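# Structural description and commentary
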Amino acid sequence: MKKSLLLLFLVFLSCKTEKNTVEPTGLVTSKVMVVSAREEASQIGVQIMEQGGNAFDAMIATELALAVSYPYAGNIGGGGFMVYRKFNGETGSLDYREKAPMAATKYMYLDEKGEVIKGLSTETGLAVGVPGTIAGIFEVHKKYGTLPIETLLKPVIALARKGVVVTEKQEERLHKFRKAIVKANGSATLFAQPFKTNDTIKYEALATTLERIAKNGKDEFYKGETAQKLVTYLQSKGSIITLEDLASYEAKWRKPIVNSYRDYKIISMAPPSSGGITLGQILKMIEPYDLKEMGHNSESYIQVLVEAERRAYADRNHFLGDPDFVKMPIEQLLDTTYLNKRMADFSFEKATKSTDVSHGSVTFSESTETTHYSIVDSFGNAVSATTTINDAYGSKLYCDELGFFLNNEMDDFSAKQGVPNLFGLVGSDANSIAPQKRMLSSMTPTIVEKNGVLFMVVGTPGGSTIITSVLQTILNVTEFNMSMQEAVDAPRFHHQWLPDEVVFEPESFPKELLKNLKSKGYSINQKATPVLGKVDAILVLPDKKMEGGADSRGDDTAVGF
């Protein structure tokens, strides 16, 4: 009898365990994986690892392959951030964010009345920050690369010469922004012609530029022939960037922001990215609540996240900036007692108004498009990198002679306190313009550990929505037991303090739920909003295999073996 009962118990336990095991719905591989915005870039990253390269070699090749295959956001005319975790558990991060030119001034975008001049920080030569991408990849190569730079750039240059096939989504983007690109560059520019789905775009000028960089190194872009041509082009468009600006640019290694959430360790980007701190604040504010019990995207779940986001973004916009210029109360902002006080006035009965929420009281001494990719190699190294030129095709300035778009990253500064930027973010003096200062960012490349072991590599584009998209993807897996692919595809929502509205992906949430939230005082925005992130992530499964989550909102693709 006892044996029978024991057998029944074991069968019950076995069924229960099986039920709790999540079936992967994305690509599963056992050795390496790259997930990025374009299949061509993911394939090149994997190809480099097939040749014996590590995740850092693959990062360099993938970054540059995105500059070829995904000019909407991939770039050598912008910048970004990388968070890494080595096979031995060592973590770190690299800041290759753009900088303000030396001739930049605090009020350079204001008229004589002190009002912001529309378009000056987004679609003129003055919108361009000093690019950091090439400095970033050479810094990675110097510290952790194993294959020669020529080997890493060879398949990228071949792709540029062979050309990239236009997808349906790319045709839509090119059509939408063609007039703006022609207005910025003239009718002879490469992107003036109407490319259709299945057409091939060859990037001969970019291939030539990359060949010079492969031969001459970082100095080619910052001091050589490419630098000369770039400055000549930029200054013809009204830019104040000089050869001295380029020659003095350096990427910078920084200590990542590390937070805990339940059984997980969250490793994310430090300022001048606001990602790690803001993500950490939200996670600590929501940790006391039983989210699993509330249910995924339930009314109460949405309320808890929105109210934590509201308070975290208010702090973000007031306190954060470039750590080389501004002293920030990072420890205080991430203090649990402080964050519990921030949530003390939250009620499930009604929405808190953003007009009633300012930044927190902390005492200390003063001193629109992006792309993300995730990589894990066979050695156990992981890279999470987010790179940007800010808006779609950046400033729309395309240097045909060199073959790439330039960023409009200067708009990420606070042109004037209280005036929103391109993404509706309102900044303070901490993020004001200064020569050689890096502008505040929302990019949130993140790596998650569980019990000291690599668990997830995650990140996304999406401007101000980046932080909340990464947050919800992590919660989808850790709280709601989703597969990686399900987690990145699940409907998302966003709040950023100002404007005081909750943005929902259109046609993705029940009308009754939205009606109930509205009755509690939440302002709902469900218009045809830009996509709330395009998450590319990797989940390490219990059997040590990997599942890729490539966001179905784009052409994103996971590749591996």
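What you see is a predicted model; the values in this text were computed from it and never measured.

### Brief notes about the pattern of salt bridges
One pass over the structure, following the stated rule, counts 32 salt bridges. With a closest N to O distance of 2.7 Å, E299 and K520 form a salt bridge. A single network of salt bridges, built from pairs that share partners, joins D95, K252, R254, D322, D324 and R438.

### Topic: the pairing of strand β2 (residues 33–36)
Of the two faces of β2, the one lined by M33 and V35 and the one lined by V34 and S36 are each fully buried. The sheet contact formed by β2 and strand β10 (residues 369–376) spans three bridges and is antiparallel. Bridge assignment links V34 to a residue of β10, and that residue is I375.

### A look at the sheet that holds strand β9 (residues 264–268)
Pairing within the open sheet is antiparallel, and its seven strands lie in the order β1-β20-β19-β15-β14-β9-β8. Two strands in the sheet have a free side with no partner beyond their single neighbour: β1 (28–29) and β8 (257–261). The sheet contacts of helix α11 (residues 275–286) involve β8, β9 and β14 (446–450), and relative to β8 the element is tilted by about 15 degrees. Most of the contacts of helix α16 (residues 466–478) go to strand β15 (residues 453–458), to which it runs at about 135 degrees, and overall it touches β8, β9, β14, β15 and β19 (536–540).

### Quick word on the packing of helix α13 (residues 299–319) against α16
One can describe the packing of α13 onto α16 by two numbers: an axis separation of 12 Å at closest approach and a directional angle of 140 degrees. In this view, α13 runs oblique relative to α16, as classed from their interaxial angle. Handedness of the crossing formed by α13 with α16: right-handed. For the pair α13 and α16, contact is made by Y301, L305, E309 and Y313 and by I467, T468, L471, Q472 and L475, respectively. Considered class by class, the residues forming the contact of α13 with α16 number six nonpolar, two polar and one charged.

### Notes on the UniProt feature "active site" (unreviewed entry) in the chain
Per the UniProt record, "active site" (unreviewed entry) is annotated on T370. If you trace the backbone, T370 turns up in strand β10. Taking relative accessible area as the criterion, T370 reaches 4% and is therefore assigned buried. Apart from residues no more than four positions distant in its own chain, T370 is found in contact with A73, T386, T387, T388, N390, M443, P461, G462 and I466. Side-chain polar atoms of T370 contact the side chain of T388, separated by 2.9 Å.

### Observations concerning the confidence of the model for the chain
With 93% of its residues at a pLDDT of 70 or more, the chain shows a mean pLDDT of 93. The low-confidence segment residues 1–19 (pLDDT under 50) makes zero contacts with residues lying over four places distant or belonging to another chain. Under a pLDDT of 50 for its full length, residues 362–367 has, in the predicted model, 16 contacts with residues more than four places off or in other chains.

### Some thoughts on the nonpolar core
M82 and L153 are the most contacted members of the largest nonpolar core, which has 84 residues in total. Considering each element in turn, this core owes the most residues, 11 residues, to helix α3 (residues 55–69).

### Observations concerning the layout of surface pockets
When its volume is computed, the second largest pocket comes out at roughly 720 Å³. The wall of the second largest pocket is formed by 28 residues, among which V22, K450, F455, N481 and P542 lie closest to the centre. The greatest single-element share of the lining of the second largest pocket, amounting to three residues, is contributed by β15. Residue composition of the lining of the second largest pocket, grouped by class: 13 nonpolar, six polar and nine charged.

### Some words on the side chain of N390
Relative to the assigned elements, N390 resides in strand β11 (residues 382–390). Judged by its relative accessible area of 3%, N390 falls in the buried class. In terms of polar contacts, N390 uses its side chain to reach the backbone carbonyl oxygen of N408, at 3.1 Å.

### Brief notes about the sheet that holds strand β21 (residues 557–560)
Strand-to-strand pairing in sheets goes through backbone hydrogen bonds, with the strands running parallel or antiparallel. Taken in spatial order, the seven strands of this open sheet run β7-β4-β3-β11-β10-β2-β21, and their pairing is antiparallel. With one partner strand each, in any of the chains shown, β7 (252–254) and β21 form the two edges of the open sheet. Here the strands of the sheet are splayed against their neighbours by 15 degrees on average, with no regard to which way each runs. Along the sheet, helix α2 (residues 39–50) contacts β2, β10 and β21; its crossing angle with β2, the most-contacted strand, is approximately 160 degrees.

### A look at unusual backbone geometry
Cis geometry marks the peptide bond from P271 to P272; its omega dihedral reads 20 degrees. Mapped onto the secondary structure, P272 falls in the loop between β9 and α11. Even without glycine at this site, N198 takes up a positive phi of about 80 degrees. Looking at where N198 falls in the secondary structure, it is placed in the loop between α6 (168–185) and β6 (200–201). Overall, the relative accessible area of 61% leaves N198 in the exposed class. Look at N390: it is not a glycine, yet its phi comes out positive at around 85 degrees.

### Things to note about empty space enclosed by the protein
Estimates place the volume of the second largest cavity at around 80 Å³. Lining the second largest cavity, in full, are A67, P71, G74, N75, I76, F191, Y203, L206, Y398, G403, F404 and F405. The residue inventory of the lining of the second largest cavity, partitioned by class, reads nine nonpolar, three polar and no charged.

How each quantity is defined
- Residues numbered from 1 in each chain as written.
- Predicted model: local features only at pLDDT ≥ 70, side-chain atom pairs only at ≥ 80, totals over all residues.
- Heavy atoms only, no water.
- Salt bridge = Lys/Arg side-chain N within 4 Å of Asp/Glu carboxyl O.
- Buried < 20%, exposed > 50% of the residue type's maximum accessible area, 1.4 Å probe, protein only.
- Helix = DSSP H or I, 4+ residues; strand = E, 2+ residues; numbered from the N terminus.
- Pairing = 2+ DSSP bridges.
- Contact = heavy atoms within 4.5 Å.
- Axes fitted to C-alpha atoms, helices over the stretch in contact; angles between N-to-C directions.
- Parallel < 35°, antiparallel > 145°, perpendicular 65-115°, else oblique.
- Left-handed = near helix turned anticlockwise from the far one by under 90°.
- Nonpolar A, V, L, I, M, F, W, Y, C, P; charged D, E, K, R; others polar.
- UniProt positions renumbered as here; feature names shortened; annotations may be inferred.
- Polar contact = N/O pair within 3.5 Å; in protein donor to acceptor, adjacent residues only side chain to side chain.
- pLDDT = per-residue confidence, 0-100.
- Core = buried A, V, L, I, M, F, W, Y, C linked by side-chain atoms within 4.5 Å.
- 1 Å grid on protein atoms, 1.4 Å probe; cavity = no way out; pocket = protein on both sides within 12 Å on 5 of 7 lines; lining within 4 Å.
- Points joined across faces, edges and corners; volume = space filled by probe spheres on them.

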